[in-house]
Amino acid sequence: MLEQSILATSVWRGDAEGGEFQRFEVPRRDSQTVLDVVTHIQQELDPSLAYRFACRVGMCGSCAMMVNGVPRWTCRTHVSKVSGNVSGGGGELQIAPLRNLPVIRDLVVDMAPFFDKWTAAEGVFRPSETRAAPMAKVQPGSPARAAANAGIECINCAVCYAACDVVAGNTDYLGPAALNRAWTLVNDARDGGQAERIDAVSSEGGCHNCHSMGSCAQFCPNALNPTAAIAGLKRETVKAKLGWRR
Amino acid sequence: MLDVRLYLLQRLTALMMIPLVLGHLVVMVYAVQGGLTAAEILSRTQGSLVWGGFYGAFVLAASIHGAIGLRAISAEVLGLRGVGLTALSWGVFLTLLLLGVRAVYAVTAGGPA
């Protein structure tokens, strides 16, 4: 039954100048993912379709796209979950490049602004010791380590960045992923770049622009909560400003 | 749009306004029991340092709070940046402050004292 039905799929085609949706009819299959649909189109229907993927198992964070208007990791998104139940057919899919990032071609966006903001948020580990120093002792149960652990499984897929309405309205805003990364490092006892990081996330595009709408937490495929991380940064930056931070 | 200084100012002014708003509402509801005239209001407020201070603080907090809020909104919705954004923020702050101080002055200055 499922094998015979057809999935009506609209895929955005174009480049930085603009574009439009193109219709494809894709055979519906069992356990089919959105990435399977895109791959079918590229391999069987139109080899000129540009898209990006690597691991296909939700580790690398390269296949995120807008699926029916919502940012998703397409390799781990089953068609059955998102295509709706169009009677007599296999449902409908609309696939577009990630929001809030410049399009290069078709479903491929330029991730440079996203990663530039990781750097701008001081999302880089700054060692406080040399490699000759003994291994740092970090208690796994300490509050700081627990806070870092909560945010550490980010795969840099930019789903949160695409979901964020503050990013959409303010291109200077560092965004949920970069700030979440900064928060994990603020809670890293081994890091020696805290003052610079606090300054970086206190700047004009920093954590204080977050309206706590929570789209990042809602759409994060790894169920992280950047909204909570940003709230943590707000607390720490205020403490630093008032001189209450150690 | 919002750095830590503006963020803090907006939170602090919000904190200030919580008791002020409540005080304003409670006194208003209490005072209108059994009717109220402009003369009655002025007789209580004119020459009163307490009411001058109360509403003076209210006006200052509201001017700062509102200007920062409108700054964020105009940056995100209208795309204002740089000098334009700074000018708008200060403009809103000074306009609200001027209007508010004028009103506070009008009801507290002079009078029978």
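Computed from a prediction, not measured in an experiment: that's the story for all the values here.

Asker: Which residues make up the overall build of chain A, and what are the values?
Answerer: Along the backbone of chain A there are 10 helices and seven strands. Taking the principal axes of its C-alpha atoms as reference, chain A extends roughly 65 × 35 × 35 Å. Split into buried and exposed, the 246 residues of chain A put 49% on the buried side. On chain A, roughly 12,300 Å² of surface is accessible, and the fraction owed to carbon and sulfur atoms is 51%. Chain A carries 25 positive and 24 negative side-chain charges, and their two centres are separated by 9 Å.

Asker: Give me the lowdown on the interface of chain B and chain A, citing residues and values where you can.
Answerer: On the side of chain A, 16 residues touch chain B, which itself brings 11 residues to the contact. In this assembly, chain B packs against chain A so that about 1,300 Å² is buried in total across both faces, 54% of it on carbon and sulfur atoms. On inspection of chain B and its partner chain A, the count reaches two salt bridges. A salt bridge links Arg71 of chain B to Glu204 of chain A, with the shortest nitrogen-to-oxygen separation between them at 3.3 Å. In this assembly, chain B and chain A are joined by six residue pairs in polar contact (both at pLDDT 80 or more). If you list the elements that add at least two residues to the side of chain B that touches chain A, you get helix H1 (4-31) and helix H3 (49-77) of chain B.

Asker: Explain the pairing of strand E5 (residues 92-96) of chain A to me, and be specific about the residues and the numbers.
Answerer: Residues and elements named next belong to chain A. Strand direction decides the pairing type here: strand E1 (residues 6-15) and E5, joined by four bridges, are parallel. Note on E5: the bridge partner recorded for Ser10 is Gln94. Examined bridge by bridge, strand E3 (residues 64-67) and E5 share two bridges and lie antiparallel to one another. Following the sheet pairing, Met66 is matched in E5 by Ala96.

Asker: Give a detailed account of the domain arrangement of chain A, specifying residues and quantitative values.
Answerer: Residues and elements named next belong to chain A. Here chain A is partitioned into domain 1 (2-108) and domain 2 (111-242). Regarding the contact of domain 1 and domain 2, the summed buried area is about 1,300 Å², with carbon and sulfur atoms giving 66% of it. Taken together, the connections running from domain 1 to domain 2 amount to one salt bridge. With a shortest N-O distance of 2.7 Å, Arg99 and Asp165 are connected by a salt bridge. Applying the counting rule to domain 1 against domain 2 returns seven residue pairs in polar contact (both at pLDDT 80 or more). Elements with a minimum of two residues in the side of domain 1 that touches domain 2: E3 and strand E4 (70-73). For the side of domain 1 that touches domain 2, the class distribution of residues is 10 nonpolar, three polar and three charged.

Asker: Give a detailed account of the packing of helix H7 (residues 176-186) of chain A against helix H8 (residues 194-201) of chain A, specifying residues and quantitative values.
Answerer: Residues and elements named next belong to chain A. Interhelical geometry of H7 versus H8 gives an angle of 150° and a closest axis separation of 11 Å. One way to sum up the angle between H7 and H8 is to call them roughly antiparallel. Note on packing geometry: the crossing formed by H7 with H8 is left-handed. Packed against H7, whose contacting residues are Leu179, Ala182, Leu185 and Val186, the element H8 presents Gln194, Arg197 and Val201 at the interface. Looking at the contact of H7 with H8, its residues break down into five nonpolar, one polar and one charged.

Asker: How would you explain the side chain of Arg145 of chain A if you had to name every residue and give the values?
Answerer: All names here are of chain A. You can see Arg145 is positioned in helix H4 (residues 143-151). For the buried residue Arg145, which engages in no salt bridge, the nearest side chain bearing the opposite charge is Asp188, 4.5 Å off. Every residue in contact with Arg145, bar those within four places of it in the chain, is listed here: Val138, Gln139, Pro140, Ile152, Asn187 and Asp188.

Asker: Could you give me a rundown of the packing of H3 of chain B against helix H4 (residues 82-108) of chain B, with the residues and numbers involved?
Answerer: Residue and element names in this part refer to chain B. Put simply, H3 and H4 touch, their axes get as near as 8 Å, and they point 160° apart. In terms of their interaxial angle, H3 and H4 are classed as roughly antiparallel. Here H3 runs over H4; the crossing is right-handed. Looking at the contact of H3 with H4, its residues break down into 17 nonpolar, eight polar and one charged.

Asker: Account for the environment of Ala67 of chain B, naming residues and giving values.
Answerer: Inspection of the secondary structure assignment puts Ala67 of chain B in helix H3. When the C-alpha positions of Ala67 of chain B and Val92 of chain B are compared, they lie 5.4 Å apart, and in sequence the two are 25 residues distant.

Asker: How would you sum up the pattern of salt bridges? Please name residues and give values.
Answerer: Think of it this way: side chains of opposite charge can pair up when their charged atoms draw near. Residues and elements named next belong to chain A. The tally for this structure, following the rule as stated, stands at 10 salt bridges over all chains. The partner of Asp106 in a salt bridge is Arg105, and the shortest N-O contact between them spans 3.5 Å. Here Arg126 makes a salt bridge to Glu122, at a shortest N to O gap of 3.1 Å. Given a relative accessible area of 15%, Glu122 falls into the buried group.

What counts, and where the lines are drawn
Residues numbered from 1 in each chain as written. Chains lettered and ligands numbered in written order. Predicted model: local features only at pLDDT ≥ 70, side-chain atom pairs only at ≥ 80, totals over all residues. Heavy atoms only, no water. Helix = DSSP H or I, 4+ residues; strand = E, 2+ residues; numbered from the N terminus. Buried < 20%, exposed > 50% of the residue type's maximum accessible area, 1.4 Å probe, protein only. Areas by Shrake-Rupley, 256 points an atom, 1.4 Å probe, with all protein chains shown as cover. Lys, Arg positive; Asp, Glu negative; His and termini not counted. Charge placed at Lys NZ, Arg CZ, Asp CG, Glu CD. Contact = heavy atoms within 4.5 Å. Buried area = accessible area lost by both parts, 1.4 Å probe. Salt bridge = Lys/Arg side-chain N within 4 Å of Asp/Glu carboxyl O. Polar contact = N/O pair within 3.5 Å; in protein donor to acceptor, adjacent residues only side chain to side chain. Pairing = 2+ DSSP bridges. Domains from an automatic or database assignment. Nonpolar A, V, L, I, M, F, W, Y, C, P; charged D, E, K, R; others polar. Axes fitted to C-alpha atoms, helices over the stretch in contact; angles between N-to-C directions. Parallel < 35°, antiparallel > 145°, perpendicular 65-115°, else oblique. Left-handed = near helix turned anticlockwise from the far one by under 90°.

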